[in-house]
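Coordinates in review
Here are the chains, one letter per residue:
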Number of protein chains: 2
Amino acid sequence: METTQQTGEPGAAERRRRELLEAADRVVLRDGPKASMNAIAAEAGITKPILYRHFGDKAGLYQALAVRHTDALLDSLRAALDAPAERRRRVESTLDTYLAAIEARPQVYRFLMHPAEDSHTAERGFDVGLHSAPLLRRLGEELAQVISERVDLGPGGERLARVWGHGIVGMMHAAGDWWLGERPCERADLVAALTDLLWGRLATAGNREDGPGF
Amino acid sequence: METTQQTGEPGAAERRRRELLEAADRVVLRDGPKASMNAIAAEAGITKPILYRHFGDKAGLYQALAVRHTDALLDSLRAALDAPAERRRRVESTLDTYLAAIEARPQVYRFLMHPAEDSHTAERGFDVGLHSAPLLRRLGEELAQVISERVDLGPGGERLARVWGHGIVGMMHAAGDWWLGERPCERADLVAALTDLLWGRLATAGNREDGPGF
DNA sequence: CTCCGGAAGTTACCAGCGGTAACCCACCTG
DNA sequence: CAGGTGGGTTACCGCTGGTAACTTCCGGAG
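Counting restarts for each chain, with residues numbered from 1 along the sequence as it is written. Think of it this way: whatever chain is written first is A, whatever ligand is written first is 1, and the rest follow in order. In keeping with the predicted nature of the model, local features appear solely for residues at pLDDT of at least 70, side-chain atom pairs appear and are counted solely at 80 or more, and the whole-chain, interface and lining totals rest on all residues. Side-chain numbers come from the whole structure's heavy atoms, not from hydrogens or water.

**Quick word on the overall build of chain A**
- A tally of regular secondary structure across chain A gives ten helices and zero strands.
- Each helix (α) and strand (β) of chain A, taken in turn from the N terminus, gives the series α-α-α-α-α-α-α-α-α-α.
- Each residue is assigned to one of three classes by its accessible area relative to the maximum for its type, calculated with a 1.4 Å probe on protein chains only: buried under 20%, partly exposed between the two thresholds, exposed over 50%. The buried share among the 214 residues of chain A stands at 46%.
- In this analysis, two residues are considered to be in contact whenever any of their non-hydrogen atoms come within 4.5 Å of each other. Across chain A, contacts joining residues at least 24 apart in sequence account for 60% of those joining residues at least 6 apart. Each helix is a run of H or I in the DSSP string that is no shorter than four residues. Each strand is a run of E no shorter than two, and both are numbered from the N terminus.

**Some details on the interface of chain A and chain B**
- With 60 residues of chain A at the contact, the number on the chain B side is 61 residues.
- Note on definitions: buried area is the accessible-area loss of two parts on being combined, 1.4 Å probe, summed for both. Summed over both sides, the interface between chain A and chain B buries roughly 6,200 Å², with carbon and sulfur atoms accounting for 64% of that surface.
- Sorting the residues of chain A by area buried against chain B places Arg-87, Trp-178 and Phe-214 of chain A first, and these three jointly supply 14% of that buried surface.
- Any Lys or Arg side-chain nitrogen found within 4 Å of a carboxyl oxygen on Asp or Glu counts as a salt bridge. Counting the contacts that link chain A with chain B gives six salt bridges.
- A salt bridge links Arg-159 of chain A to Asp-189 of chain B; its shortest N-O distance comes to 3.8 Å.

**Examining the packing of aromatic side chains**
- Aromatic rings from Phe, Tyr and Trp, with only the six-membered ring used for Trp, were paired whenever their centres fell within 6.5 Å, and each pair was classed as stacked if the ring planes differed by under 30 degrees, edge-to-face if by over 60, and tilted otherwise. Throughout the structure, instances matching the rule amount to zero aromatic pairs over all chains.
- Any Lys NZ or Arg CZ that is within 6 Å of a ring centre and within 35 degrees of that ring's normal is treated as a charge sitting over the ring. When the ring centre of Trp-199 of chain A is taken as reference, the NZ or CZ atom of Arg-88 of chain A above it lies at 5.6 Å.

**Re helix 8 (residues 157–182) of chain A**
Residues and elements named next belong to chain A.
- For helix 8, with 26 residues, the first-to-last C-alpha span of 37 Å sits near the 38 Å given by 1.5 Å per residue.
- Among the 26 residues that make up helix 8, 21 are buried, leaving the element largely enclosed by the rest of the structure.
- Two residues or fewer past helix 8, Arg-183 is found with a positive phi of approximately 45 degrees. The length a helix should cover is 1.5 Å for every residue beyond the first.

**Regarding the relation of the copies chain A and chain B**
- Our superposition of the copies is a least-squares fit, built on the C-alpha atoms of residues whose pLDDT is at least 70 in both. Placing chain A over chain B gives an RMSD of 0.1 Å and needs a rotation angle of 180 degrees, together with 0.0 Å of translation along the axis. Overall, the copies show the geometry of a two-fold rotation axis.
- By residue overlap, the copies meet face to face through one surface: 100% of the interface positions of chain A are interface positions in chain B.

These figures capture arrangement, not role.
What follows is the structure, given as structure tokens:
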């Protein structure tokens, strides 16, 4: 235990917080989405209540963790998006960056994608949204912004960009999730297939001669 | 209670099962993804253990419910996919069918998409997959099959079709989820935007003159 | 009619979860 | 020395998914 107590420095709380987050990271990396507050506290060498003092509730800790990883991932993705190359190369590079990330730390990203709900929070009148994965939403919004400010989509382009942002992120996520589970091909193949899809190959491909047509 | 017991008919168990599923449907429709076994049992007018006798565990009941809804939805989607029209119209119609479904019963589809994990099941060695939403997987595989048997994709088309199936379904799901939460536009607008995306408009659109280019 | 097997259903419980109240103790300050 | 304040703990609450053990009712066999 070392009795490192009452340091007095104002920055101590933030450092402690980072320590706790790193401990949480470790246990999430080990246990996946079913990481419990007890386990995280134990890994950090302390007990639950101080975790709750720092993060409020599980959603708070989840959010802090998510912000961390999302920031890191977003930096990588922005770098890929900004590389000096033609548009298709950039899209490929971005997809590959995302897939490499979830391949390297599947447990973490599963935790981020499936938060398991807060349980007794909701009931805000009509209530529809913001239930699931904030990471995906953030990625979607971010991509939407990039598209919106760089691609000329004419009138209504704003809306189009947002739809595309969330749609592309969803495509990436679902395909990546499925690929992680079945590993049916190399990462590069997956990237190529998805890029082909975004490049409209579904529209231009011909019907099979022996099929009912499409 | 009516004392309807020991009927002797062999089909009685199946009818009971359907009754229970309908009760589960009702409470899921009311409580969303946080529907508990207790609540479902209460709604069905019985207690937990018999629920467990019928479905094994929560995952079993979840699966039974999912199969039901997925079957129904798949029928609608197949109908849309098979309508006599050009390819683009079919894709639009399919997207619209899906979105209309989740718009009509958001609670149900949220429950299906976010099962909240079983907790103490896993640990199969390396363990990666099949953690989350079987509905999405089924939709993805189904769409993959349709694409694969109708569209001529040349060599490697099988793999391409599977990637596209899961990718398109993911796009549909994420965009739909986001749209349900924010309602930024009419359903028809969303359908058009997604179809444009699949038709490669991202590839053909020009760069903004005032932006950094993409 | 009696007795038995078995299915339906119940009560009562278990372990574990997220979350919290109340207490403890060491330190720094006056 | 008094005392307040921050980091920490124990012990608990209500709830969840899941189960063991008991009761009740039925149809059929002797």
